[in-house]
Amino acid sequence: MDFFQYKHQQLFAEQVAVSDIARQYGTPCYVYSRSTIERHWHAFDQAVGSHPHLICYAVKANSNIGVLSVLAKLGSGFDIVSGGELARVLEAGGDPGKVVFSGVGKTEGEIAFALEQGIKCFNVESPSELHRINKVAGELGRQAPVSLRVNPDVDAKTHPYISTGLKANKFGIEREQAIAVYRQAAAMPNLKIVGMDCHIGSQLTQTEPFVDALDRLLELVDELSGLGIEIEHLDVGGGLGVTYKNETPPDPDTYVQAIVQRMQDRPNLPLIFEPGRAIMANAGILVSKVEFLKQGAEKNFALVDAAMNDLIRPALYSAWMDIVEVDRSLVRDRHEYDVVGPVCETGDFLGKDRELAIAEGDLIAVRSAGAYGFTMASNYNSRCRPAEILVDGDKLHLVREREKLKDLWKGEHKVP
Ligand SMILES: Cc1ncc(COP(=O)(O)O)c(C=O)c1O
Ligand SMILES: N[C@@H](CCCC[NH3+])C(=O)O
């Protein structure tokens, strides 16, 4: 069931009319559905069934404290890529013992912070990082749990900017070197090898690359076992795609089943999943107001009050995101528009060539904007970042206030 749907031609978020939310909190604003977040998380968790596992939501997709607190209450784990994300998880009430720390450039400070908090493990992306973790752990008198992120060299068949599992990508340790690096890790006194990890890219719409990657990892697990190095968990990463337009990704159940089936003869090797987009994308929309309609020589423009600084995916990846009218009861002529924001960049668009029945002052919503929306927002053009509202049935929670002008120069100083 979709928790963003029309009732009497009005777009609703759960039981609240989106136009009421806009009236109360202004635009632009992100609106999230708690039920959708929970349903998506459970879809992963239940699909794994009795195989031991942990769902570690990828915080980068949407790191709002309100969102994280919903997931923490479900008992979710978290995949983080910075000390900042760890701090958010802790603030939201997440369990550090269920946190895996990915990312290619962990600093000494971040490693120390994570060790002190007792995270589940570091997903290590290079031999240099192993040395660094070993050093910091030694200084703190601790043993650091580590898992190597192996780059399995499979083609994820996704946008080149968001593919991560190819030899040409900066992520992970090459498959051919993995055994040697595990041996190095085994010889370091302050490390404890606990797992193996991979993440081959984002917005994948086929199951096959995931299964190929898993098979490649399992070969390595067996080879390591022969060398006396036992892997205690296998982290298959995130990356499951969603439908923005006409993509047909497998649903979480089909994707998870394909992976769990491969694990049937390894019932004691726990799995970790790191979904981000599949949990959050369709749990959120970006609501914006039409400021002006403008007729150009070749195109009609709908100038709206949200821009690339609020939602950069269309500008950055030419990503197509659905744009809909919030109130379809209004009588309007239907025209084709480029939906653009006020930022001074030609690339500032939310959608091109969209048929919409709108007038100045009307509301539109960009759908599937719950993942990589606010987390990639900036203050470019000195624009205040939008409010974020979480809907829970008929209740509204303002989970992030709209930034105020003073927030724009917080921490900056005039020169005497
Ligand atoms: C290491 C890691 N894990 C998980 C994710 C989440 O990916 P997605 O949002 O595609 O599920 C990412 C981002 O692609 C990532 O880099
Ligand atoms: N930010 C990207 C995906 C990158 C995933 C991060 N590893 C998007 O909006 O689609």
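For clarity, every value in this text was computed on a predicted model and none was experimentally measured.

Definitions and cut-offs
- Residues numbered from 1 in each chain as written.
- Chains lettered and ligands numbered in written order.
- Predicted model: local features only at pLDDT ≥ 70, side-chain atom pairs only at ≥ 80, totals over all residues.
- Helix = DSSP H or I, 4+ residues; strand = E, 2+ residues; numbered from the N terminus.
- Rg over C-alpha atoms; globule rule 2.2 N^0.38 Å.
- Buried ≥ 20, exposed ≤ 12 C-beta atoms within 10 Å, placed from the backbone.
- Contact = placed C-beta atoms within 7 Å.
- UniProt positions renumbered as here; feature names shortened; annotations may be inferred.
- Near = placed C-beta within 6 Å.
- Nonpolar A, V, L, I, M, F, W, Y, C, P; charged D, E, K, R; others polar.
- Domains from an automatic or database assignment.
- Axes fitted to C-alpha atoms, helices over the stretch in contact; angles between N-to-C directions.
- Parallel < 35°, antiparallel > 145°, perpendicular 65-115°, else oblique.
- Left-handed = near helix turned anticlockwise from the far one by under 90°.
- Pairing = 2+ DSSP bridges.
- Right-handed = clockwise from strand over helix to strand, strands pointing away.

## Considering the overall build of the chain
Inference 1: In terms of regular secondary structure, the chain is built from 11 helices and 21 strands.
Inference 2: The C-alpha atoms of the chain give a radius of gyration of 23 Å, which matches the 22 Å a tight globule of 416 residues would have.
Inference 3: Projected onto its principal axes, the C-alpha positions of the chain cover 70 × 60 × 40 Å.
Inference 4: Here the chain, with 416 residues, has 47% of them falling under the buried criterion.
Inference 5: Contacts in the chain between residues at least 24 apart in sequence constitute 70% of all its contacts with a sequence separation of at least 6.

## Re the UniProt feature "active site" (unreviewed entry) in the chain
Inference 1: Annotation from UniProt places "active site" (unreviewed entry) at C344.
Inference 2: Here C344 lies in the loop between β17 (334-340) and β18 (349-357).
Inference 3: With 9 C-beta atoms packed within 10 Å, C344 lands in the exposed category.

## Structural notes on the UniProt feature "binding site: pyridoxal 5'-phosphate" (unreviewed entry) in the chain
Inference 1: Within the UniProt annotation, "binding site: pyridoxal 5'-phosphate" (unreviewed entry) is assigned to G239, E274, P275, G276, R277 and Y372.
Inference 2: One can find G239 in the loop between β12 (233-235) and α9 (252-261).
Inference 3: Within the element layout of this structure, P275 appears in the loop between β13 (271-273) and α10 (277-280).
Inference 4: For P275, the residues in contact, after removing those within four places along its chain, are F44, I55, Y57, A58, G238 and L240.

## What to know about the site of ligand 1
Inference 1: The local shell around ligand 1 holds 15 residues, among which A58, S202, G238, G276 and R277 are the closest.
Inference 2: Per-class residue counts for the shell around ligand 1 are five nonpolar, seven polar and three charged.

## Some thoughts on the domain arrangement of the chain
Inference 1: With domains assigned, the chain is organised as domain 1 (4-32 + 281-409) and domain 2 (34-278).
Inference 2: Computed from C-alpha atoms alone, the centre-to-centre distance between domain 1 and domain 2 is 32 Å.
Inference 3: Looking at the side of domain 1 that touches domain 2, the elements that each hand over two or more residues are β20 (387-392) and β21 (395-400).
Inference 4: No other element matches β20, which puts four residues into the side of domain 1 that touches domain 2.
Inference 5: For the side of domain 1 that touches domain 2, the class distribution of residues is 13 nonpolar, five polar and five charged.

## Things to note about the environment of E355
Inference 1: With respect to the helices, strands and loops of the structure, E355 is situated in strand β18.
Inference 2: With near-sequence residues (within four places) excluded, E355 lies in contact with R334 and E336.

## Some thoughts on the packing of helix α4 (residues 83-91) against helix α5 (residues 108-117)
Inference 1: The geometry of α4 relative to α5 is characterised by a closest axis approach of 9 Å and an angle of 25° between their N-to-C directions. By the criterion of interaxial angle, the relationship of α4 to α5 is roughly parallel. In this structure, α4 meets α5 at a crossing whose hand is left-handed. On α5, the residues touching G83, L86 and L90 of α4 are G109, E110, F113, A114 and Q117.
Inference 2: When the residues that make up the contact of α4 with α5 are grouped by side-chain class, the tally is four nonpolar, three polar and one charged.

## Quick look at unusual backbone geometry
In terms of backbone geometry, most residues other than glycine have negative phi values and most peptide bonds are trans.
Inference 1: The linkage connecting T27 with the following residue, P28, adopts the cis geometry, with an omega of -5°.
Inference 2: For P28, the location among the structural elements is in the loop between α1 (18-25) and β4 (29-33).
Inference 3: Even without a glycine there, the phi angle at S318 is positive, about 55°.
Inference 4: With respect to the helices and strands, the residue S318 is situated in the loop between α11 (313-317) and β16 (323-325).
Inference 5: Located in the positive-phi region is D353, a residue other than glycine, with phi close to 55°.
Inference 6: Assignment of secondary structure puts D353 in strand β18.

## Details of the pairing of strand β6 (residues 77-80)
Inference 1: Burial along β6 is two-sided: G77 and D79 and F78 and I80, pointing in opposite directions, are all buried.
Inference 2: When strand β5 (residues 53-58) meets β6, the two strands line up parallel, connected through three bridges. Bridge pairing in β6 links A58 to D79.
Inference 3: Handedness of the β5-helix α3 (residues 65-74)-β6 crossover: right-handed.
Inference 4: Pairing of β6 with strand β7 (residues 99-101), which is carried by three bridges, proceeds in the parallel orientation. The residue of β7 that forms the bridge with F78 is V99.
Inference 5: The parallel pair β6 and β7 is bridged by α4, and the resulting crossover is right-handed.

## Structural notes on the pairing of strand β1 (residues 4-7)
Inference 1: Looking at chain direction, β1 and strand β2 (residues 10-13) are connected through four bridges and run antiparallel. When the sheet's bridge partners are listed, F4 is paired in β2 with A13.
Inference 2: In textbook terms, the turn of a hairpin is the stretch between consecutive antiparallel strands, and for β1 and β2 this stretch comprises two residues, one of which, H8, has a positive phi near 50°.

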